[in-house]
Amino acid sequence: KFLTGENLTISDLSAYGTIGYFRRGIADHVPKESLEPYPEILAWMDRVDGEPKVAAYKASKATA
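The following refers to the structure shown.

Calculation rules
- Residues numbered from 1 in each chain as written.
- Predicted model: local features only at pLDDT ≥ 70, side-chain atom pairs only at ≥ 80, totals over all residues.
- Heavy atoms only, no water.
- Helix = DSSP H or I, 4+ residues; strand = E, 2+ residues; numbered from the N terminus.
- Expected span 1.5 Å × (residues − 1).
- Buried < 20%, exposed > 50% of the residue type's maximum accessible area, 1.4 Å probe, protein only.
- Arc of directions from axis to C-beta.
- Contact = heavy atoms within 4.5 Å.

### A word on helix α1 (residues 10-23)
Compared with an ideal rise of 1.5 Å per residue, which puts 14 residues at 20 Å, α1 spans 20 Å between its outermost C-alpha atoms and is within 8% of the ideal. Along α1, the residues that are buried comprise D12, Y16 and G20. Buried residues in α1, looked at end-on, bunch into an arc of 60 degrees, giving them a common side. Packed against the buried residues of α1 are α2 (39-50) and α3 (52-62). Once α1 ends, the next one or two residues include G25, with phi positive near 80 degrees.

Next up, the structure:
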């Protein structure tokens with residue numbers, strides 16, 4: 001489910017931030033569509049997004 005097992009860990013959050021940076025399309029020479037061929041990574045990103053604390057944090061940043 002997550003990188004190290006069934007529970008969200010700091011490793012997920014660290015990788016999530018890095019991969020999210022690349023998905024935004026602001027990294028030099030990395031198109032934001034570069035992960036489209038990897039549905040398992042996109043599904044993992046969705047699982048991290050679906051965690052209640054992650055969703056609450058992102059919602060608080062969107063309204064700030």
